Structures are given as C-alpha cells and as structure tokens.
Amino acid sequence: MTQRLLRLPSILLVLAALALAAAQDRPATLADAVRADPELAELAALLEETGLLDDLAGPMRFTFFAPSDLALERLDPAAHELLRRDRGALDLIVRHHVVMGASPLSALRRLDALTTLEGTQLKVTDAGG
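Residues numbered from 1 in each chain as written. Predicted model: local features only at pLDDT ≥ 70, side-chain atom pairs only at ≥ 80, totals over all residues. Heavy atoms only, no water.

Engineer: Would you take a moment to explain the environment of Asp86 for this structure?
Structural biologist: Its location among the elements puts Asp86 in the loop between helix H5 (77-85) and helix H6 (87-95). A C-alpha to C-alpha distance of 8.1 Å links Asp86 and Thr50, two positions 36 residues apart in sequence. Here Gly88 takes part through its backbone nitrogen, which lies 3.0 Å from a polar atom of the side chain of Asp86. (Helix = DSSP H or I, 4+ residues; strand = E, 2+ residues; numbered from the N terminus. Polar contact = N/O pair within 3.5 Å; in protein donor to acceptor, adjacent residues only side chain to side chain.)

Engineer: How do you make sense of the nonpolar core when you look at a structure like this?
Structural biologist: Of all hydrophobic cores here, the largest spans 20 residues; its most connected members are Val34, Leu43, Leu47, Leu56, Phe64, Leu90 and Val94. Of all the elements in the fold, those that place two or more residues in this core are helix H1 (30-36), helix H2 (41-50), helix H3 (52-55), strand E3 (62-64) and H6. Considering each element in turn, this core owes the most residues, four residues, to H2. By size, the runner-up hydrophobic cluster in this structure holds six residues, among which are Phe65, Val99, Leu114 and Val124. (Core = buried A, V, L, I, M, F, W, Y, C linked by side-chain atoms within 4.5 Å. Buried < 20%, exposed > 50% of the residue type's maximum accessible area, 1.4 Å probe, protein only.)

Engineer: Is there a simple way to think about H2 in this case?
Structural biologist: Structurally, the α-helix is built with 3.6 residues per turn, so residues lying three or four positions apart point the same way. Three or more residues of H2 are buried, namely Leu43, Ala44, Leu46, Leu47 and Thr50. The arc enclosing the buried residues of H2, seen along the axis, measures out at 165 degrees, which places them on a common side. Elements that come into contact with the buried residues of H2 comprise H1, H3, E3, helix H4 (69-73), H5 and H6. Residue Gly51 follows H2 closely and has a positive phi angle near 85 degrees. (Arc of directions from axis to C-beta. Contact = heavy atoms within 4.5 Å.)

Engineer: Would you mind showing me how to read the pattern of salt bridges here?
Structural biologist: Close approach of charged atoms lets side chains of opposite charge pair. Counted according to the given criterion, the structure contains six salt bridges. Among the ionic pairs, Asp55 bridges to Arg87, the shortest N-O distance being 2.4 Å. Highlighted residues: Asp55 in helix H3 and Arg87 in helix H6, separated in sequence by 32 residues. Asp91 is paired through a salt bridge with Arg95; the nearest N and O atoms lie 3.2 Å apart. (Salt bridge = Lys/Arg side-chain N within 4 Å of Asp/Glu carboxyl O.)

Engineer: Before we go on, may I ask you to explain the packing of H2 against H6 in this structure?
Structural biologist: If you want to describe how two helices pack, look at the angle between their axes and the distance between the axes. Running from N to C, H2 and H6 point in directions that differ by 130 degrees, and their axes come no closer than 10 Å. What the angle tells us is that H2 and H6 run oblique. The two elements H2 and H6 cross, and the hand of that crossing is left-handed. From H2, Leu46, Leu47 and Thr50 reach across to H6, where they touch Arg87, Leu90 and Val94. Among the residues making up the contact of H2 with H6, the classes are represented as four nonpolar, one polar and one charged. (Axes fitted to C-alpha atoms, helices over the stretch in contact; angles between N-to-C directions. Parallel < 35°, antiparallel > 145°, perpendicular 65-115°, else oblique. Left-handed = near helix turned anticlockwise from the far one by under 90°. Nonpolar A, V, L, I, M, F, W, Y, C, P; charged D, E, K, R; others polar.)

The following block contains the structure:
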C-alpha cells in the first residue's frame with residue numbers, strides 16, 4: 001500500500017454522518033455536507049455531473065478528505081477534464097479520499113494512519129493549529 005502524508009491543518013476535512021438528534025444543524029449525509037460547503041462548490045459540481053454525489057447521499061458514515069476548490073484549480077487542465085469525462089477515474093480518486101466511519105478531528109489527531117476505501121494507507125500527522 002502507498003503511504004501518503006496527511007497534514008490535518010492543510011486539508012479540508014468534511015465530516016458527514018447521519019444527523020444526531022442533538023445536532024440538528026449537521027448535514028444528514030456526506031452529499032449534504034459537500035453541497036453545503038462553499039469551498040467545495042467545484043467538487044460538488046464535478047460529483048453532481050458524474051452522478052457520484054448521489055452515491056454519497058446514503059446513510060453510511062464516512063470521513064471525506066475533500067479536495068477544496070483551490071486544490072482542484074491547481075490540477076492540470078487535462079487531468080481535470082479526464083475527471084469530468086471518466087466517472088471511473090473520479091470514483092477511484094474519491095475512494096482515495098474517503099475512510100469508513102465519521103471521525104471528528106480530535107479523534108483523527110490520535111491516529112497514526114488511516115486506510116481509505118481504495119486501500120491506500122494515509123499517514124496522519126498533526127502540524128499544529
């Protein structure tokens with residue numbers, strides 16, 4: 001498995017799960033969380049275009065290390081276009097950014113590594129802040 005460095009403060013973390021009764025203002029699904037975050041508008045549009053956003057609307061609990069619009073803007077235009085055209089390629093990228101279970105930031109800081117849905121090992125480090 002590939003190890004990648006995950007710096008918590010430098011990545012936009014979207015936590016999504018079924019809303020708890022005590023937390024009415026939380027998004028009910030991962031899809032709702034992506035749609036609601038203005039820094040993820042480009043990602044939401046891309047996932048919507050390919051139909052993947054509907055796949056994230058289920059009741060499963062996930063943690064999604066969602067690439068922000070700024071990160072997507074830095075992609076090579078050809079890579080960006082490939083993600084728009086090829087749902088399989090986008091699905092693979094998304095699976096490298098999602099782990100099972102809704103994990104609050106405080107829990108993530110106590111971990112050494114996470115395994116994504118695609119099987120990639122993400123090394124977790126806290127760069128402070």
